[in-house]
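Chain by chain, the residues run as shown.
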Amino acid sequence: MRHVITLSLLLYLLPAHSRAAETASDIIRKVDGNQVFSTETFKAKMVIAKDKRTLTKTFYGYGQKQDMKSFMEFTNPEDKGVKYLKLDDELWIYFPDADDVMKISGHMLRQGMMGSDISYEDMLENDSIEEKYDSRLLEDKQVDGRECYVVELQAKKPDVTYDKQVIVVDKVWYIPLEIELYARGGRLLKTMKQSEVQKLGERFVPMRITIRDMRRRNSQTVVTFEEIAFDGKVPAKVFTKGYLKR
Amino acid sequence: MTYLFKLALKNILRSKIRTVLTFLILSFGVGIYILFACLMAGFDKESIVNVIDFETGHYKVRSANFDEDQPYDKDGSLANAMAVKERLRNLDFITAMTERLMFLAEIDNGVDSIPVVAIGIGPDDNTVFNLKKYVKTGGLEPGGTIIGKALADDLGLQLGDVTFLTFRNQQGMYTSVEVLITGLIVTANPQVNKASAFINLDEAQQLMNTRKVTEIALKTDAFFKVKEYEPKIKAALSDVDARVYSWEKLSEDFRALMTMKRKFQNVLVLMIMIIAIVGIINTMLMSVFEKKREIGTMKALGFTDKEVQNLFLVEGALIGVAGGLAGLVLGTLFNAYFAFVGFDMDAMFGEEDFGMPVMGVVKSVWLAGAYVNAMVFTLVASVLASYYPAKKVTKMEAMECLRTVQ
Amino acid sequence: MLLEVKNLSKTYYSGKIPFQALRAVSVSIAKQEFTAIAGPSGSGKTTLLNCLGTIDRAESGQILLEGMDLMGQTKNELAALRKENFGFIFQTYNLIPVLTVFENVEMPLKILRRFSAAESKKRVLAILAKVGLQGLENRRPLELSGGQQQRVSIARALVKNPKIIFADEPTANLDSANGEAIVDLMRELNEQEEATFIFSTHDPLIMKHAKRIINIRDGMIVS
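Here the structure is a predicted model, which is why all the values come from computation and not from measurement.

(A) Broad picture of the interface of chain B and chain A. If you look at the interface, chain B gives 22 residues, while chain A gives 24 residues. Of the roughly 2100 Å² buried between chain B and chain A on both sides combined, carbon and sulfur atoms contribute 44%. For chain B, the biggest contributors to the area lost against chain A are R168(B), M173(B) and Y174(B); these three give 33% of the whole. Between chain B and chain A we count three salt bridges in total. With a shortest N-O distance of 3.5 Å, R216(A) and E106(B) are connected by a salt bridge. Remark: the boundary between chain B and chain A carries 14 residue pairs in polar contact (both at pLDDT 80 or more). Where the side of chain B that touches chain A is concerned, the elements lending two or more residues are β2 (94-108), β6 (162-168), β7 (174-185) and α6 (201-208) of chain B.

So, in structure tokens, the structure goes:
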């Protein structure tokens, strides 16, 4: 799941060798270095708040960084057995009620995953685009009392997903605590906040991610990791379409 | 035969109340049928006009890559609209053409966002389509949009309000633009009312970061000449990336729905007619039993079974013809109202659309076929309905009939 | 012989119970006879009359009209035969209520299709005069008295000059004065028109007008 959400949004924040903003690229590179792992295993809870209603969903999953593979299965009663499989740039879903595996494509990609503020498109973002953004350092700011750098990324050409991103990075942990995603035209579309950072072995891991679609004022999605482990053994069979149906 | 005819006529005129009742049921049935058929034809005509005027034009030219199952999802725009237009200019039956750029977007008010199809239309759009007919208030202005009234209601927006369109441009970048609602549209198609936003073509192209268009819509001098024109258009475009769709093809689904609905209507009409036929059968049976002794007498006098049977068939046919003719008059009167005054959909159903691609006042048409059908059907049906009672008469021995105590 | 009947038998079924209405009846009728078939009700006189008039079918025996056997004929053949040769007078007159007196009497001529309109009119008016109904041509049957109606019925039976006229209890619905008048009329026409009459009756007053009486009891001729 981390892979699916965080990395999807962050992976392409790879070093931008900009002459003007070396510091900024350093920061980004360090953030990226912080994310190095080969596999991950997690158990998480997703709380979707819409107006006054909240939906709680639980799931577990695996990720494999190298081939951009991830798998997750829902365990809360309403969605029990719903499985997602991401293979490179394809997304497959299995509904136990229909006993059918479906590829998510076309206009469905714009919909939120399980009604959340995370669109399927977000889950598929893969572009690890170097040289697509100009980065520069803005004025530092504090988030929850912690000192942070503020890096602004500006797309060089209109061929990336977001025209502009603003990333607020913790100066000690090198973890983005806030990410703002802007559309062409300057409008803030999405924000993502990471909090409850814990130290797991050598690395710092945010256990809570809050995503908001700014076009839907009264909704937000909070993902809380209950368990998370890196570089353990992940069963290879879960990353196959055949496994979805079982 | 003339004698039988005379006898039958006298018989009919004898039992006045019953005859009048049957006659009324029959004529009412026929009248309703005619009204129904004509009104439905009016609906169909209006629907077709709506579809052509608003959605399909006479033809559309799209790229061969256009995905009909998931329209506008992928890049299915015309590679070379200029080349297409140039070739089409040589066809003299094409009277107008206009370009449209369509793409999927989301419209939002900062609270909710709703998926829509954004349609970029050029200044010459009115040469092919008749958008004006459906725009309730306002119009398309620079930096503005016309959205469905229903969509505006859903978002709590009004004319003059600002809204956002968000979409991914040709290269995949999220683009969000503030647009002013300068017009509200109400069409008979709920899909359009709830999920479309018209903007200016040049602005659409700029936002999408493309110079392409999705389709070129054509108008010809005669929309019904599909069989004649379509091959010519196809031939003219054989060497470019283009696929031609006639309005017939484009409205296939909706016309299939129309046909299905008509089948349902036919069942209703059939039921009315069955009631009328049962009426005739009943009348004839009563007539037969009432005249049992007369039948016996006629048989004794030397009428053959066939002659007696014919007498009743003629009787039934006379009721049928008379009822049918009266029904035609009645139907004409019914239909006259709807043909001249019309049927006000809004007043009748309000906001409910029942999936009918029509709205406002729909006028009935005069359908010669309905008259012919009604007349033939009534005649055949009434003769058939008399057949069973008449057959019963045939089987009876003269004696049996005469013995009847009445 | 005009009409010869040999061993005619007829059984009715009321439900499954058989009732033998005619038991091997044999009788002969000559031209211009004025014959009464007499007997109490249930004796079989009406059945005999109907069988002779071919509006009922006997199951065995022979009916010969001028030597031609009628038993084997089809329904249509019999209808044509009746049209040409027989006239009927019924106890309940059985006039067609929607037709005028004139039209009722005209009906047999109409279905014979042999007469021009003028000739047919002449005949109808002549016969109506003979039965004493001139001036009532345009009345409807229900506007007439019982006696008058039966006169119309007689005129209808006679208008085509049939070989035989069958009359089933022609006076049963009339008072005795009217009844006698009707039989007198029939008798008169029997003479004038040389028509053969066979009628059934149980009324001794009527019976005495007959030239010949065939008594029938329990389906058998007794004298």
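(B) Structural context of unusual backbone geometry. All names here are of chain A. Of note in this structure, Y174 is not a glycine but carries a positive phi near 55 degrees. Tracing the chain through its elements places Y174 in the loop between β9 (164-170) and β10 (176-182). Look at Y174 and you get buried, because its relative accessible area is 15%. Located in the positive-phi region is D231, a residue other than glycine, with phi close to 55 degrees. Relative to the helices and strands, D231 resides in the loop between β13 (219-230) and α4 (241-244).

(C) Region of the structure containing the side chain of T283(B). Positionally, T283(B) belongs in helix α9 (residues 252-290). Polar contacts involving the side chain of T283(B) include one to the main-chain carbonyl oxygen of G279(B), which spans 2.8 Å.

(D) Seen up close, α6(B). Residues and elements named next belong to chain B. The buried fraction of α6 is high, at six of eight residues. Among the residues making up α6, those that are buried are L201, E203, A204, Q205, L207 and M208. Elements in contact with the buried residues of α6: β2, β3 (113-121), β5 (144-148), β6, β7 and β8 (196-200). Just beyond α6, the residue with positive phi is N209, at close to 60 degrees.

(E) Representation of the interface of chain C and chain B. Taken together, the contact pairs 24 residues of chain C with 26 residues of chain B. Here chain C is connected to chain B by three salt bridges. The salt bridge partner of K75(C) is D305(B), with a shortest N-O separation of 2.8 Å. The interface formed by chain C and chain B includes six residue pairs in polar contact (both at pLDDT 80 or more). For the side of chain C that touches chain B, the elements supplying multiple residues, two or more each, are α2 (75-85) and α3 (101-112) of chain C. Here the side of chain C that touches chain B takes five residues from α2(C), the largest share from any one element. Across the side of chain C that touches chain B, the residue classes break down as eleven nonpolar, four polar and nine charged.

(F) Representation of the packing of α3(C) against helix α5 (residues 146-158) of chain C. Residues and elements named next belong to chain C. For the pair α3 and α5, interaxial distance at closest approach is 7 Å and the crossing angle is 30 degrees. The pairing of α3 with α5 is recorded here as roughly parallel in orientation. You can see that α3 and α5 cross each other, and the crossing is right-handed. Along its contact with α3, which presents V101, N104, V105 and P108, the element α5 presents V152, A155 and R156. Residue composition of the contact of α3 with α5, grouped by class: five nonpolar, one polar and one charged.

How each quantity is defined
Residues numbered from 1 in each chain as written. Chains lettered and ligands numbered in written order. Predicted model: local features only at pLDDT ≥ 70, side-chain atom pairs only at ≥ 80, totals over all residues. Heavy atoms only, no water. Contact = heavy atoms within 4.5 Å. Buried area = accessible area lost by both parts, 1.4 Å probe. Salt bridge = Lys/Arg side-chain N within 4 Å of Asp/Glu carboxyl O. Polar contact = N/O pair within 3.5 Å; in protein donor to acceptor, adjacent residues only side chain to side chain. Helix = DSSP H or I, 4+ residues; strand = E, 2+ residues; numbered from the N terminus. Buried < 20%, exposed > 50% of the residue type's maximum accessible area, 1.4 Å probe, protein only. Nonpolar A, V, L, I, M, F, W, Y, C, P; charged D, E, K, R; others polar. Axes fitted to C-alpha atoms, helices over the stretch in contact; angles between N-to-C directions. Parallel < 35°, antiparallel > 145°, perpendicular 65-115°, else oblique. Left-handed = near helix turned anticlockwise from the far one by under 90°.

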